[in-house]
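Spelled out, the chains give:
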Amino acid sequence: MNTNGDLLKLAEEEFDCFITSDQNIRYQQRLVGRKIAILELSTNDLRRIVSAGEEIRGAIANIKTGEFLQLSIP
């Protein structure tokens, strides 16, 4: 079983952006120096996420490599 750290390391090899609703990731993982952008969503409620699709796409389009961004979803 992979920990979040292992998952982030694997994701860095294949992806540009890691999207999560784990609001503790910034406390549990060393995010400084990552090669992947990390987008933290404020909810894991699928209906709210789908409704916020435009905001999420905008955040993905503007997030930079190595950046950590929190996106508040109403």
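Asks: Looking at this structure, I do not really get the overall build of the chain. What am I missing?
Replies: Looking only at helices and strands, one finds 4 helices and 3 strands in the chain. Its helices and strands taken in sequence order, the chain reads α-β-α-β-α-α-β from the N to the C terminus. Over its C-alpha trace the chain gives a radius of gyration of 12 Å, about what one expects of a compact globule, namely 11 Å for 74 residues. The principal-axis extent of the C-alpha atoms belonging to the chain is close to 30 × 25 × 20 Å. When the 74 residues of the chain are sorted by exposure, 32% land in the buried category. Taking contacts inside the chain between residues at least 6 apart in sequence as the whole, the part at least 24 apart equals 45%. For the chain, the exposed area adds up to about 5,300 Å²; of that, 50% sits on carbon and sulfur atoms. Of the charged side chains in the chain, 9 are positive and 11 negative; the average position of the first set lies 3 Å away from that of the second.

Asks: Would you mind showing me how to read the sheet that holds strand β1 (residues 17-20) here?
Replies: Across a sheet, paired strands are connected by hydrogen bonds in the backbone, their directions being either parallel or antiparallel. Read from one edge of the open sheet, 3 strands run β1-β2-β3, paired in parallel fashion. Because the sheet does not close on itself, it has two edges, and the strands there are β1 and β3 (68-71). Pairwise comparison of adjacent strand axes, ignoring direction, gives a mean angle of 20° for this sheet. Two strands pair when backbone bridges link them, and strand β2 (residues 37-41) and β3 are joined in this way by 4 bridges, in the parallel orientation. Its bridge partner being in β3, Ile-38 is matched across the sheet by Phe-68.

Asks: What's the story with the environment of Lys-9 in this structure? I'm lost.
Replies: Residue position: Lys-9 is located in helix α1 (residues 4-14). Through-space distance from the C-alpha of Lys-9 to that of Ile-36 is 8.9 Å; in sequence the pair is 27 residues apart.

Procedures and definitions
Residues numbered from 1 in each chain as written. Predicted model: local features only at pLDDT ≥ 70, side-chain atom pairs only at ≥ 80, totals over all residues. Heavy atoms only, no water. Helix = DSSP H or I, 4+ residues; strand = E, 2+ residues; numbered from the N terminus. Rg over C-alpha atoms; globule rule 2.2 N^0.38 Å. Buried < 20%, exposed > 50% of the residue type's maximum accessible area, 1.4 Å probe, protein only. Contact = heavy atoms within 4.5 Å. Areas by Shrake-Rupley, 256 points an atom, 1.4 Å probe, with all protein chains shown as cover. Lys, Arg positive; Asp, Glu negative; His and termini not counted. Charge placed at Lys NZ, Arg CZ, Asp CG, Glu CD. Pairing = 2+ DSSP bridges. Axes fitted to C-alpha atoms, helices over the stretch in contact; angles between N-to-C directions.

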